[in-house]
Amino acid sequence: MMKKLDSKVNIIPDLTKADTVSRSELDKLKMKVMSELVSNGVQIYQFPTEDEAVAEINSSMNWRMKTIVIS
């Protein structure tokens, strides 16, 4: 379903219930979710980095987005 939507809407992974698991469990879950998204070709939103004024901040946000979990 997400594969059909990613060309029509921005998919932004969302973190929910992160405070109910340990840090190591959370890291494992993040890796699993991101692996599933990549292996299924699902595009997630990336902040634009072309504008020099915001490139550094947006690059940082893109990195953070990749560590957020879909619940």
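This section reports on the structure supplied with the text. (Residues numbered from 1 in each chain as written. Predicted model: local features only at pLDDT ≥ 70, side-chain atom pairs only at ≥ 80, totals over all residues. Heavy atoms only, no water.)

## With respect to the overall build of the protein
Along the protein, the regular secondary structure elements total three helices and zero strands. From first element to last, N terminus to C terminus, the protein shows the α and β order α-α-α. Burial statistics for the protein: of 71 residues in total, 21% are counted as buried. Taking all contacts inside the protein whose residues are at least 6 apart in sequence as the whole, residues at least 24 apart take part in 69%. Of the roughly 5,600 Å² of accessible surface on the protein, a fraction of 57% belongs to carbon and sulfur atoms. (Helix = DSSP H or I, 4+ residues; strand = E, 2+ residues; numbered from the N terminus. Buried < 20%, exposed > 50% of the residue type's maximum accessible area, 1.4 Å probe, protein only. Contact = heavy atoms within 4.5 Å. Areas by Shrake-Rupley, 256 points an atom, 1.4 Å probe, with all protein chains shown as cover.)

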